[in-house]
Amino acid sequence: MKTWHMVIDVARCHDCNDCFLADRDEFVGNDFLPTAVAQPAHGHRWLNIKRREGGQFPIVRVSYLPMPCMHCDEAPCLTDDGAVYRRDDGLVIIDPVKAKGREEIVASCPYSAIYWNEEKQLAQKCTGCAHLLDDGWTETRCSQVCPTEAIKLVMAEEAEIEALVAEEKLERYRDSLGTRPRVYYKNLHRWEKAFIGASVVFADTDECAVGATVTVERDGAMAGEGTTDLFGEVAVDHLEPGHAYVVRVAADGYAPAEVTVQLDASLNAGTIFLERA
């Protein structure tokens, strides 16, 4: 059986909030029993977008992490009485009748994806657009409107998903929780890892060092590498924060240079000058 999965590319999300607005358009003021009742006009973000800045001027990167309900296979919000249940297609649904008055359901989610509707005395969250899929849709509202195709709905067999995960190098967010989310992320390193940026300049000409080779080492082992661009800038990514790194720069006709940095979060190591050999 093909089941519900979602793939989100962190590198493609620009925080336009079209997904959030489409979700609001669908659910505010509209009941879709038996999977949902109307979302309140204020306070809920069933598709939340987190924001993180890294680096320092002029090498700065802002990353965004769209956060719907993860529809986990091992969802901690599930209840024995069916107040929160999982459908055969993998979607986790809060029953609007059985869950009434059960505010403890909100705290059960480690991703903070469940919200409390004070007026209706009901815990609510993303339904994966269950009512639309039941009506024959092949997209959720959020995946339908995303202008950069950062969000994609994937209805597939488990073997197909496993192959896609391997091919696209997809990851689950906070996988160590053991909840086995059905939402997978591409380029999750932009959120979970760190980068070291630097500007490289030829000291004798005061010109940007275009095409210089930059390597980053940790404990004597290669951790990453890059090449400076037309502005002499480089950002070496996929680095594990909380460690010291040695940044080495080399260019033809110039003596190598290096700096050591403590990487606790993405940073700009500043300007590195290369002297004539």
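These numbers were taken from a predicted model, which means no experiment stands behind them.

A.B. asks: Hey, could you run me through the sheet that holds strand β16 (residues 257-263) in this one?
C.D. replies: Hydrogen bonding along the main chain pairs the strands of a sheet, whether they run parallel or antiparallel. One open sheet holds the four strands; their spatial order is β13-β12-β15-β16, and the pairing between them is antiparallel. Two strands lie at the open edges of the sheet, namely β13 (221-227) and β16, each paired on one side alone. Adjacent strand axes in the sheet meet at a mean angle of 25 degrees, parallel and antiparallel pairs treated alike.

A.B. asks: For this particular structure, what's the right way to read the pattern of salt bridges?
C.D. replies: Proximity of charged atoms lets side chains of opposite charge pair with each other. Counting across every chain of the model gives 19 salt bridges. Its salt-bridge partner being R141, residue E26 comes within 2.6 Å of it at the nearest N-O pair. In this pair, E26 sits in helix α1 (residues 18-27) while R141 sits in helix α4 (residues 141-145), placing the two residues 115 residues apart along the sequence. The class of R141 is buried, set by a relative accessible area of 14%. The shortest N-O distance in the salt bridge between D219 and R218 comes to 3.9 Å. We classify D219 as exposed; its relative accessible area is 72%. The exposure class assigned to R218 is partly exposed, which follows from its relative accessible area of 28%.

A.B. asks: Could you clarify how one ought to interpret the nonpolar core in this entry?
C.D. replies: When a protein is soluble and globular, its nonpolar side chains tend to lie buried together. L65, M70, I151, Y173 and Y185 are the most contacted members of the largest nonpolar core, which totals 43 residues. Among the secondary structure elements, those contributing two or more residues to this core are β1 (3-9), β3 (59-67), β5 (92-94), β7 (122-124), α3 (130-134), β8 (151-156) and β9 (183-186). In this view, Y185 contacts I8, V10, L65, P66, M67, P68, M70, K169, L170, E171 and Y173; residues no more than four positions away in its chain are not counted. Membership of the second largest hydrophobic core comes to 23 residues, among which are V200, A209, A212 and I272.

A.B. asks: Any chance you could explain the pairing of β3 here in plain terms?
C.D. replies: Remark: a regular strand shows side chains that alternate across the two faces of the sheet. Of all nine residues in β3, seven are buried; the element is thus mostly enclosed. Pairing geometry for strand β2 (residues 48-56) and β3, over nine bridges, is antiparallel. Each residue of the ladder has a partner; that of G55, found in β3, is V60. Hairpin connection of β2 to β3: two residues between the antiparallel strands.

A.B. asks: Even after reading the chapter, I still don't get the packing of aromatic side chains, so can you show me in this structure?
C.D. replies: Tallied over the entire structure, the rule returns five aromatic pairs. Where Y111 meets Y173, the ring centres are 6.3 Å apart and the plane angle is 40 degrees; that geometry is what we call tilted. You can see Y111 sitting in the loop between α2 (104-107) and β6 (115-117) and its partner Y173 sitting in the loop between α5 (158-168) and β9, a full 62 residues away along the chain. Like Y111, the residue Y173 is buried in the burial classification. Among the aromatic residues, those joined into a cluster by ring pairs are F27, F32 and W46. It is R52 that lies over the ring of W191; its NZ or CZ is 4.1 Å from the centre.

A.B. asks: What exactly am I supposed to notice about the sheet that holds β9 here?
C.D. replies: Across the sheet, three strands lie side by side as β8-β1-β9; this open sheet has mixed pairing. With partners counted over all chains shown, the strands left at the sheet margins are β8 and β9, one partner each. Within the sheet, the average angular offset between the axes of one strand and its neighbour, ignoring direction, is 25 degrees. Here β1 runs beside β8; their pairing, made up of six bridges, is antiparallel. By the bridge assignment for β8, I8 is matched with I151. Helix-sheet contacts for α5 involve β1, β8 and β9, and the interaxial angle to β8 is about 140 degrees.

A.B. asks: I would appreciate a short explanation of the state of the cysteines in the present structure.
C.D. replies: Between two cysteines, a covalent bond joining their sulfur atoms is known as a disulfide. For the structure shown, the criterion picks out zero disulfides. As a non-bridged cysteine, C109 has C69 as the owner of its nearest cysteine sulfur, 6.5 Å distant.

Conventions adopted
Residues numbered from 1 in each chain as written. Predicted model: local features only at pLDDT ≥ 70, side-chain atom pairs only at ≥ 80, totals over all residues. Heavy atoms only, no water. Pairing = 2+ DSSP bridges. Helix = DSSP H or I, 4+ residues; strand = E, 2+ residues; numbered from the N terminus. Axes fitted to C-alpha atoms, helices over the stretch in contact; angles between N-to-C directions. Salt bridge = Lys/Arg side-chain N within 4 Å of Asp/Glu carboxyl O. Buried < 20%, exposed > 50% of the residue type's maximum accessible area, 1.4 Å probe, protein only. Core = buried A, V, L, I, M, F, W, Y, C linked by side-chain atoms within 4.5 Å. Contact = heavy atoms within 4.5 Å. Phe/Tyr/Trp six-rings, centres within 6.5 Å; stacked < 30°, edge-to-face > 60°. Lys NZ or Arg CZ within 6 Å of the ring centre and 35° of its normal. Disulfide = S-S within 2.5 Å.

Purely spatial values, then, with no claim about function.
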